[in-house]
Amino acid sequence: MRVHSRYWRLEHVQHRFQAGCTSSMQLYRELLALGYTGGCHVVNRYVMAVREGIAVPARSVTPSPRAITSWIMRPQKTLNPSDVAQLEAARSACPEIALACDLAREFTDMLRHRRGHLLRDWIQKAELGGPEAIGIFADSIRQDLHAVTAGLTLPYSSGMVEGHVHRIKTIKRQMYGRASFALLRARILLQS
């Protein structure tokens with residue numbers, strides 16, 4: 001593991017110091033092996049501050065919400081071991097993240113494997129015991145339950161039609177909405 005952040009170095013020194021390694025030269029060699037490029041005197045000064053009890057404690061490195069979301073939404077088998085460990089640490093530190101993770105993975109499984117028949121149970125779980133944001137999402141799904149259930153069950157997709165609608169709207173916007181139907185038709189047919 002390459003050390004990129006000052007806080008990883010401080011954390012390593014503090015952890016090893018508490019484990020009984022108080023030699024600044026030994027700690028310096030360990031940091032070099034981890035990719036540290038600084039000088040020995042910097043490590044020596046920090047170890048002296050730790051001995052005197054005046055060292056600034058290392059800040060814990062908290063993963064970003066985007067990273068946590070990425071770990072939750074990707075299939076578990078594609079995560080590397082450090083990502084799995086960090087996600088588990090986040091789950092154990094915050095029960096709301098654990099609930100959100102479980103509900104998101106369950107919904108993703110319904111989506112990937114076309115299990116729309118499980119949607120009502122998922123909505124009930126999300127509204128009763130899930131985080132507020134997921135409860136709001138579940139409530140919006142409930143408002144159009146039949147369409148969402150069909151989308152999670154049937155193999156049909158309106159993606160191609162939506163793509164054509166988007167293309168037509170783009171052509172119309174290029175003409176600032178002032179073209180007649182005949183001109184719009186001609187431009188659409190020319191681009192096909």
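A short tour of the structure in this document, coming up.

What about the pattern of salt bridges?
Thought 1: In the structure shown here, the tally under the stated rule is 6 salt bridges.
Thought 2: The partner of Arg91 in a salt bridge is Asp102, and the shortest N-O contact between them spans 3.0 Å. With Arg91 in helix 5 (residues 81–93) and Asp102 in helix 6 (residues 95–112), the pair connects residues that are 11 residues apart, well separated along the chain.
Thought 3: On the basis of relative accessibility, which here comes to 39%, the residue Asp102 falls in the partly exposed class.
Thought 4: Of the charged contacts in the structure, one is a salt bridge between Asp109 and Arg115, with a shortest N-O distance of 2.5 Å.
Thought 5: Judged by relative accessible area, which is 28%, Asp109 ranks as partly exposed.
Thought 6: Residue classification places Arg115 among the partly exposed positions, given a relative accessible area of 31%.

A few points about the side chain of Ser24
Thought 1: Following the sequence through the fold, Ser24 ends up in helix 2 (residues 24–33).
Thought 2: Judged by its relative accessible area of 13%, Ser24 falls in the buried class.
Thought 3: A distance of 3.1 Å separates the side chain of Ser24 from the side chain of Asn44, its partner in a polar contact.
Thought 4: Leaving out residues up to four positions away in the same chain, Ser24 has contacts with Val43, Asn44, Val47 and Arg51.

A short note on the nonpolar core
Thought 1: Counting 13 residues, the largest nonpolar core has Phe107, Leu119, Trp122, Ile123, Ala126, Ile134 and Ile141 as its most contacted members.
Thought 2: Listing elements by their share of this core, those giving two or more residues are helix 6, helix 7 (119–129), helix 8 (132–143) and helix 9 (145–153).
Thought 3: Apart from residues lying up to four places away in sequence, Ala126 is in contact with Leu103, Ile134, Gly135 and Ala138.
Thought 4: Val13, Tyr28, Tyr36 and Val47 belong to the second largest nonpolar core, which has 12 residues in total.

Let's talk about the side chain of Glu30
Thought 1: Following the sequence through the fold, Glu30 ends up in helix 2.
Thought 2: According to the relative accessible area criterion, Glu30 is buried, its value standing at 16%.

Rules used throughout
Residues numbered from 1 in each chain as written. Predicted model: local features only at pLDDT ≥ 70, side-chain atom pairs only at ≥ 80, totals over all residues. Heavy atoms only, no water. Salt bridge = Lys/Arg side-chain N within 4 Å of Asp/Glu carboxyl O. Helix = DSSP H or I, 4+ residues; strand = E, 2+ residues; numbered from the N terminus. Buried < 20%, exposed > 50% of the residue type's maximum accessible area, 1.4 Å probe, protein only. Polar contact = N/O pair within 3.5 Å; in protein donor to acceptor, adjacent residues only side chain to side chain. Contact = heavy atoms within 4.5 Å. Core = buried A, V, L, I, M, F, W, Y, C linked by side-chain atoms within 4.5 Å.

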